[in-house]
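Structural features, examined
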Amino acid sequence: MAQALDIDRWNLECEFNNRDHRTDLNGVDRLIVRRGQPFTVSLYLRSGLYQPGVNALDCIAETGPQPSEQYGTRASFGLSANIDTSRWSAAVTSPPGNMVALSICSAPDAPIGRYTLTLGQSARIEFILLFNPWCPGDAVYMDNEQSLAEYVLSQDGIIFRGSYKYPIPTPWNFGQFENGILDICLRILDMNPKCLKNPGKDCSGRRNPIYVSRVLSAMVNCNDDKGVLLGRWTDDYDGGVSPMFWRGSVEILRNWETQACQPVRYGQCWVFAAVACSVSRALGIPCRVVTNYLSAHDTNSNLTIERYIDENGDLIKSREMIWNYHCWVESWMTRPDLKPDFNGWQASDPTPQEKSEGVYCCGPIPLRAIKEGELIFKYDAPFVFAEVNADIITFMKKKDGSTSTVTNNTIVGQKISTKSVGSDAREDITHLYKFPEGSDEEREAFKRANHQNKLLKQQQNQGLHLTIKVTADMRKGCDFDVFAVVTNNTQSEKKCRLVFGSCALSYNGFMGANCGFKDLLNVELQPGGERRVPLRLNYSKYGDNLTEDNLIRLAALLLDYSTGEATLAVRNIVLENPEIKIRILGEPKENRKLAAELTLKNPLPEPLENCCFSIEGANLTGGHVISERLGSSVGPGEDAKVKVYFTPTHSGLRKLVVDFDSTKLCHVKGYRNVIIGK
């Protein structure tokens, strides 16, 4: 009869185990380990010595409120000669004596979350179990150290905004290892409606990254549940702050926790995506934020966006929109529920747009399914396919009530972008979503997706060609020209009307006030001739109309008097904000006070009031935002300048994220990479 070990006390060896499992940035005051990888605890015996083959130890690992072996949320196992990394197992790795080094390994498909491990009659230890992308047996396994450093361990990053002609890198502090964030991420899982309805089944589902990422895409928005963020796409941010206000996820997640799981106000697509990325990385799922420029929002799943304009070329409001850009996340995992070859990056979208299975969530769907037009695959393939491939049909509604089709060459799904591994450069990943335009493979994908419009559309070589050209220097505060360029490719003289207008634009396609307009009733073009028509945009006109997105929509509408045909050219431009200059004063070392000198030159022809600089950075600012206000206004051409002090807590390469805010110049972002020495 084997004798049970008489355990007096134990040491969880948190510092060693957490470092070995790459969770030490969460702290080393408690045990946080990854599945499918052994960890070691030291057991000190009250009496007797451990003897191999003589002593026994019953181990029971449990998670969730209703642990059961049927659901996989309870595992019973004893001592083995060696660790078996394919299942729950335990083995003694020390020589006989009164101190026992016990190696324990969880199954690589065990549910993630909080665990209690009972050892024999007296020892009861608690730990947190996470996904393990370093473990070949885990569904989130990723075989590349540089990619793992970026997509799991990196606490900061770049999100691309602006326009597809001018992508603007925006810094973001993911902060997934900051104090308390992991607990908040686990609470998000506990607050999801599936868990509240059937906690045993939900905790069992947490073995599966497909299930977890789908839950996260629903819980980051609050449309059906006690989710993290409330979306707002108007200029009215009463009761909260503009989505532009946020510099990172930490403050958002902490606000949700301290407000008793009431939604944080407000988010837009890049904020939803960034928070989902933070939570995914915290739980151990490799994740990245991606940006799709000229992203279609198809509400009726016909893969076509029908747009209506008036006779001035202005859009008439519709539920189906082309967003200037849209952000979502990709998570790395296998898809055993689908046929082979659909493993790898999966898109999911936490921005609430359309319901999926009755809930505002979207994905995960393999990128390969989108690329190949496999629209019956789970989850939400038609919606994501449309975001990158929808066809645009434009109609003009005339004053007499009649409508006519307008030639338009806008192509959705441009320059799909994410931050490169190991650098702040933009990586273009359009090829992961789409075949080259006009290729046989693209045609096959459209056939599979039954995308008839794209199949039928032939490139018309129009007689009249219309395009919009801009100058390189389009900075906020300046006056500048934009140009409509008309070319006559026909053999005959043409008389046309050209309507050339501009208006403020929000990134999701809603139009604001007029910023400049020109209507030329008599544009004459000789065969082969070209006419370049300028439109002056003055700060005095556009300055008060701009949204925080700094976007202006340029639209030129050409009406051919001889044929009655209309051609539309649209271009969205983004006005550059001034640069924030960041100078680090002193030698950056961990646990030593450091100063950053922040400078911004006022580019506007009017003073800036209520100026404030804010900084934050993972392991730089103690998990907090540090703000410094200026005591006086800053005149045109003058510098706003402050010194901000902070104390880095960890060595390594860190990103200091800076935000400048004032009455006329809102939420200008900047960053500086800082190497902190030991």
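Computed from a predicted structure; not experimentally measured.

**Remarks on the sheet that holds strand S26 (residues 464-470)**
Pairing is antiparallel across the open sheet formed by three strands, whose spatial order is S26-S27-S30. Edge positions in the sheet fall to S26 and strand S30 (530-537), since each has one partner strand and no second. With strand direction ignored, the average angle separating the axes of adjacent strands in the sheet is 20°. Relative to strand S27 (residues 480-488), S26 runs antiparallel, the two sharing seven bridges.

**Regarding the UniProt feature "binding site: Ca(2+)" (unreviewed entry) in the protein chain**
Per the UniProt record, "binding site: Ca(2+)" (unreviewed entry) is found at Asn389, Asp391, Glu437 and Glu442. A stretch of 54 residues holds the annotated residues, and the largest C-alpha distance among them is 13.8 Å, short enough that they meet in one place. With respect to the element layout, Asn389 can be found in helix H10 (residues 381-389). Residue class for Asn389 comes out buried when judged on its relative accessible area of 5%. Mapped onto the elements, Glu437 comes out in the loop between helix H11 (430-433) and helix H12 (440-448). Among the residues examined, Glu437 registers a relative accessible area of 52% and is labelled exposed. Excluding its chain neighbours within four sequence positions, the residues that come into contact with Glu437 are Ile411 and Glu442.

**Here we look at the packing of helix H3 (residues 181-190) against helix H7 (residues 250-258)**
Contact pair H3 / H7: the axes reach a minimum separation of 10 Å and the direction vectors enclose 60°. The orientation of H3 with respect to H7, classified from their angle, is oblique. Of the two elements, H3 crosses H7, and the hand of that crossing is left-handed. Of the residues in H7, those in contact with Ile181, Ile184, Arg187 and Ile188 of H3 are Val250, Leu253, Arg254, Trp256 and Glu257. When grouped by side-chain class, the residues that make up the contact of H3 with H7 number six nonpolar, no polar and three charged.

**Comments concerning the pattern of salt bridges**
Counting across every chain of the model gives 40 salt bridges. Note that Arg46 and Asp8 form a salt bridge whose closest N and O atoms lie 3.7 Å from each other. Of this pair, Arg46 sits in the loop between strand S4 (39-45) and strand S5 (55-56) while Asp8 sits in strand S2 (residues 7-11), and the two are 38 residues apart along the sequence. Given the relative accessible area of 37%, Asp8 is considered partly exposed. In this structure, Arg288 and Glu330 form a salt bridge, with 2.8 Å as the shortest nitrogen-oxygen distance. Note that Arg288 is positioned in strand S16 (residues 287-297) and Glu330 in strand S19 (residues 321-333), a separation of 42 residues in sequence. With respect to burial, Arg288 and Glu330 carry one shared label: buried. When salt bridges that share partners are traced, they join Asp6, Asp8 and Arg46 into one network.

**Here's the deal with helix H2 (residues 145-153)**
The set of residues buried in H2 consists of Ser147, Leu148, Glu150, Tyr151 and Val152. Contacts made by the buried residues of H2 are with strand S3 (32-34), helix H8 (269-283), S16, strand S20 (344-348), strand S24 (414-419) and strand S25 (426-428). In this structure Asn144 caps H2, since a side-chain oxygen of it lies 3.0 Å from the backbone nitrogen of Gln146.

**Some words on the pairing of strand S8 (residues 89-92)**
Of the two faces of S8, the one lined by Ser89 and Ala91 and the one lined by Ala90 and Val92 are each fully buried. The hairpin turn running from S8 into strand S9 (residues 99-105), its antiparallel successor, is six residues long.

**A few points about the UniProt feature "domain: Transglutaminase-like" (unreviewed entry) in the protein chain**
In the UniProt entry, the feature "domain: Transglutaminase-like" (unreviewed entry) is given for residues 261-352. A distance of 18 Å separates the end C-alpha atoms of residues 261-352, which is 16% helix and 45% strand.

**Observations regarding the side chain of Arg214**
With respect to the helices and strands, the residue Arg214 is situated in helix H6 (residues 209-219). In this structure Arg214 touches Ser356, Glu357, Cys361, Cys362, Gly363, Pro364, Tyr379 and Asp380, once residues within four positions along its chain are discounted.

**Remarks on the pairing of strand S6 (residues 59-63)**
Residues Cys59, Ala61 and Thr63 line the buried face of S6, whereas the alternating positions Ile60 and Glu62 sit on a face that is not buried. Where S6 lies against strand S7 (residues 74-77), four bridges are found, and the strand directions are antiparallel. The partner of Ile60 across the bridge, within S7, is Ser76. Pairing of S6 with strand S10 (residues 113-119) involves five bridges; the strand directions are antiparallel. Looking across to S10, one finds that Ile60 is bridged to Thr118.

**Concerning H12**
Taken residue by residue, H12 has Glu442, Ala445 and Phe446 as its buried positions. The buried residues of H12 all sit within an arc of 100° when viewed along its axis, so they share a single face.

Parameters at a glance
Residues numbered from 1 in each chain as written. Predicted model: local features only at pLDDT ≥ 70, side-chain atom pairs only at ≥ 80, totals over all residues. Heavy atoms only, no water. Pairing = 2+ DSSP bridges. Helix = DSSP H or I, 4+ residues; strand = E, 2+ residues; numbered from the N terminus. Axes fitted to C-alpha atoms, helices over the stretch in contact; angles between N-to-C directions. UniProt positions renumbered as here; feature names shortened; annotations may be inferred. Buried < 20%, exposed > 50% of the residue type's maximum accessible area, 1.4 Å probe, protein only. Contact = heavy atoms within 4.5 Å. Parallel < 35°, antiparallel > 145°, perpendicular 65-115°, else oblique. Left-handed = near helix turned anticlockwise from the far one by under 90°. Nonpolar A, V, L, I, M, F, W, Y, C, P; charged D, E, K, R; others polar. Salt bridge = Lys/Arg side-chain N within 4 Å of Asp/Glu carboxyl O. Polar contact = N/O pair within 3.5 Å; in protein donor to acceptor, adjacent residues only side chain to side chain. Arc of directions from axis to C-beta.

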